[in-house]
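Here's the letter readout for the chains.
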Amino acid sequence: MTEIKETQAVEPLDRNKKIYVAGHRGLVGSGLVRCLQRAGFKNIVTRTHAELDLTRQADVEAFFAEEKPDYVILAAAKVGGIHANDTYPADFIMKNLQIETNVIDAAYKNQVQKLLFLGSSCIYPRDCPQPIKEEYLLSGYLEKTNEAYALAKIAGLKMCAFYNRQYGTHYISVMPCNLYGINDNFALENSHVLPALIRKFHEAKINQAPTVTVWGSGKPLREFLNVDDLADACLYLMDHYDGDDFFNVGYGQEVTIRELAELVKKVTGYEGEIVQDPTKPDGTPRKLTDISRIRATGWEPKIDLETGLRQTYEWFCGHYATGDFAQR
């Protein structure tokens, strides 16, 4: 088991103090807000992009000077699929670096007591051993199609670590695996594999289509974590951890794409056949995070994939008619 450096006793976050969630309307940010509300936080601060552009340093500094949050969770980021990452790399590295440096530095200047930074498992080398351990960071070449985004997230992680070293701050970084859940993006043109499958099977069911086509061989392995589990892990670390490590956050188990498609078929109630299209790309054969480090702190994921899929599908059905889930 991964050893965690000993730290002094950690005081849990004060539920009456002010906590700012940057990026509260996204999949992760909205999950964090739900988690904080369930945990009894009384003063959750949020701003939409229209109200506060986190890429503008002066605006961020003015916001922190006025609001003076006690805690910060940085879930805001410019995100996109493979095509967007590969086509607009300058935008992805510039905007994400701006968001990170502005928020992290403003947090330091305004004496924020604790900050949590959300990264991504794409920070790891393309061909690193499986399952992926935190110590594999910077041990090899990144995947070229999302290199700009990965470099920005590595910079944010390192910025938190270096502020801790130089200024004695209490900043934590977490690197989640593939996420899904309530408030996901179900737009077929730019969603990830799991929400895309939910929508495809749902539409095939209501249209009584005889088959649903799934890209590739169906053999690649993927790990999926419910966003409510991620939010729970983030709050758990802020309540219980105060050291220098960063953490993978995942489910610790994987399924093939074919197994995932069969499970989505079951959950949606689709009765047709699944057809694999082997002319389409499979992508990375395997991508599994090692979660020994966070398990050593006492945290475990709780939501199994089928349960999480049923919750997500129920939410999707409640929003499908209006389509307001498409571009969150």
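Residues numbered from 1 in each chain as written. Predicted model: local features only at pLDDT ≥ 70, side-chain atom pairs only at ≥ 80, totals over all residues. Heavy atoms only, no water.

Going by what an unreviewed UniProt entry lists, the chain is known as GDP-L-fucose synthase and is assigned to Laedolimicola intestinihominis. According to the UniProt record, the Function (unreviewed entry) comment for the chain is "Catalyzes the two-step NADP-dependent conversion of GDP-4-dehydro-6-deoxy-D-mannose to GDP-fucose, involving an epimerase and a reductase reaction." Looking at the chain in UniProt, the text filed under Sequence similarities (unreviewed entry) is "Belongs to the NAD(P)-dependent epimerase/dehydratase family. Fucose synthase subfamily." (UniProt positions renumbered as here; feature names shortened; annotations may be inferred.)

Student: Would you take a moment to explain the overall build of the chain for this structure?
Tutor: Within the chain, the regular secondary structure consists of 10 helices and 13 strands. Over its C-alpha trace the chain gives a radius of gyration of 20 Å, about what one expects of a compact globule, namely 20 Å for 328 residues. Dimensions along the principal axes, computed over C-alpha positions, put the chain at roughly 60 × 40 × 40 Å. Here the chain holds 328 residues, and 51% of them are scored as buried. Relative to all contacts within the chain whose residues are 6 or more apart in sequence, the contacts with residues 24 or more apart total 81%. If you sum the accessible surface of the chain, you get close to 15500 Å²; carbon and sulfur atoms cover 49% of it. Positive and negative side-chain charges in the chain, numbering 37 and 44 respectively, have mean positions lying 2 Å apart. (Helix = DSSP H or I, 4+ residues; strand = E, 2+ residues; numbered from the N terminus. Rg over C-alpha atoms; globule rule 2.2 N^0.38 Å. Buried < 20%, exposed > 50% of the residue type's maximum accessible area, 1.4 Å probe, protein only. Contact = heavy atoms within 4.5 Å. Areas by Shrake-Rupley, 256 points an atom, 1.4 Å probe, with all protein chains shown as cover. Lys, Arg positive; Asp, Glu negative; His and termini not counted. Charge placed at Lys NZ, Arg CZ, Asp CG, Glu CD.)

Student: I keep staring at the packing of helix H6 (residues 193-206) against helix H10 (residues 305-320) and nothing clicks. Help me out?
Tutor: For the pair H6 and H10, interaxial distance at closest approach is 11 Å and the crossing angle is 60°. When the axes of H6 and H10 are compared, the pair comes out oblique. As H6 packs across H10, the resulting crossing turns out to be right-handed. Contact with H6, carried on its side by Leu 194, Ile 198, Arg 199, His 202, Glu 203, Lys 205 and Ile 206, involves Leu 305, Leu 309, Thr 312, Tyr 313, Phe 316, Cys 317 and Tyr 320 of H10 and no other residues of that element. (Axes fitted to C-alpha atoms, helices over the stretch in contact; angles between N-to-C directions. Parallel < 35°, antiparallel > 145°, perpendicular 65-115°, else oblique. Left-handed = near helix turned anticlockwise from the far one by under 90°.)

Student: What's the story with the pattern of salt bridges in this structure? I'm lost.
Tutor: Pairing between side chains of opposite charge can happen when the charged atoms of each approach one another. If you walk through the whole model with that rule in mind, you get 20 salt bridges. Salt-bridge contacts for Lys 109 lead to Glu 61; the nearest nitrogen and oxygen are separated by 3.2 Å. Of this pair, Lys 109 sits in helix H4 (residues 89-109) while Glu 61 sits in helix H2 (residues 57-67), and the two are 48 residues apart along the sequence. The class of Lys 109 is partly exposed, set by a relative accessible area of 43%. Among the salt bridges present, the one from Glu 135 reaches Arg 293, with a minimum N-O distance of 3.8 Å. Here Glu 135, found in the loop between strand E4 (114-118) and helix H5 (147-167), pairs with Arg 293, found in helix H9 (residues 292-295); they are 158 residues apart in sequence, far enough to count as distant. Several salt bridges share partner residues, and in doing so they unite Glu 134, Glu 135, Asp 245 and Arg 293 into one network. (Salt bridge = Lys/Arg side-chain N within 4 Å of Asp/Glu carboxyl O.)

Student: What exactly am I supposed to notice about the nonpolar core here?
Tutor: Nonpolar side chains tend to gather and get buried jointly when the protein is soluble and globular. Membership of the largest hydrophobic core comes to 39 residues, with the highest contact counts inside it found for Tyr 20, Leu 54, Phe 64 and Tyr 124. Of all the secondary structure elements, the ones that give two or more residues to this core are strand E1 (18-22), H2, strand E3 (71-74), H4, E4, H5 and strand E5 (171-176). Beyond its immediate chain neighbours, meaning those up to four positions away, Tyr 124 contacts Ile 132, Lys 133, Glu 134, Tyr 136, Leu 137, Leu 142, Met 175, Phe 246 and Asn 248. By size, the runner-up hydrophobic cluster in this structure holds 36 residues, among which are Leu 27, Leu 32, Cys 177 and Phe 247. (Core = buried A, V, L, I, M, F, W, Y, C linked by side-chain atoms within 4.5 Å.)

Student: Any chance you could explain H2 here in plain terms?
Tutor: Each turn of an α-helix holds 3.6 residues, which means side chains three or four residues apart point in the same direction. Here H2 has its buried residues at Val 60, Phe 63, Phe 64 and Glu 67. The buried residues of H2 occupy an angular sector of 95° when the element is viewed end-on, so they sit on one face. For H2, the exposed residues lying more than 90 degrees away from the buried face are Ala 58 and Glu 66. Structurally, H2 contributes buried residues whose contacts are with E1, strand E2 (43-45), E3 and H4. Once H2 ends, the next one or two residues include Lys 68, with phi positive near 50°. (Arc of directions from axis to C-beta.)

Student: Teacher, can you tell me more about the packing of H4 against H5 here?
Tutor: Contact pair H4 / H5: the axes reach a minimum separation of 8 Å and the direction vectors enclose 20°. In this view, H4 runs roughly parallel relative to H5, as classed from their interaxial angle. Here the hand of the crossing between H4 and H5 comes out right-handed. For the pair H4 and H5, the contacting residues are Pro 89, Phe 92, Ile 93, Asn 96, Leu 97, Glu 100, Thr 101, Ile 104, Asp 105 and Tyr 108 in the first and Ala 148, Tyr 149, Leu 151, Ala 152, Lys 153, Ala 155, Gly 156, Met 159, Cys 160, Tyr 163 and Tyr 167 in the second. For the contact of H4 with H5, the per-class residue count stands at 15 nonpolar, 3 polar and 3 charged. (Nonpolar A, V, L, I, M, F, W, Y, C, P; charged D, E, K, R; others polar.)

Student: Explain the sheet that holds strand E13 (residues 286-287) here, please?
Tutor: What holds strands together in a sheet is hydrogen bonding between their backbones, with the strands either parallel or antiparallel. If you trace the 3 strands from one edge of the open sheet to the other, you get E11-E8-E13, paired in mixed fashion. Edge positions in the sheet fall to strand E11 (255-256) and E13, since each has one partner strand and no second. Where strand E8 (residues 221-222) and E13 come together, 2 bridges link them in parallel fashion. The residue bridging Leu 221 from the neighbouring strand is Arg 286, located in E13. (Pairing = 2+ DSSP bridges.)

Student: What's the story with the packing of aromatic side chains in this structure? I'm lost.
Tutor: Geometry of an aromatic ring pair is reported as the spacing of the ring centres plus the angle between the planes. This structure, assessed with the given rule, holds 14 aromatic pairs. Measuring from centroid to centroid gives 6.5 Å for Phe 92 and Tyr 149, while their planes differ by 80°, and the two rings are edge-to-face. Residue Phe 92 is located in helix H4, and its partner Tyr 149 is located in helix H5; the two are separated by 57 residues in the primary sequence. Across the pair, Tyr 149 and Phe 92 agree in class, each one buried. Taking 4.8 Å as the distance between ring centres and 90° as the angle between the ring planes, the aromatic pair formed by Tyr 241 and Phe 247 counts as edge-to-face. Comparing Tyr 241 with Phe 247, the two get one shared label, buried. Aromatic rings pair up to connect Phe 186, Tyr 313, Trp 315, Phe 316 and Tyr 320 into one cluster. Lying over the aromatic face of Phe 92, Lys 78 brings its terminal NZ or CZ to 5.0 Å of the ring centre. In this structure, Arg 293 packs its charged tip against the face of Phe 246, placed 5.7 Å from the ring centre. (Phe/Tyr/Trp six-rings, centres within 6.5 Å; stacked < 30°, edge-to-face > 60°. Lys NZ or Arg CZ within 6 Å of the ring centre and 35° of its normal.)

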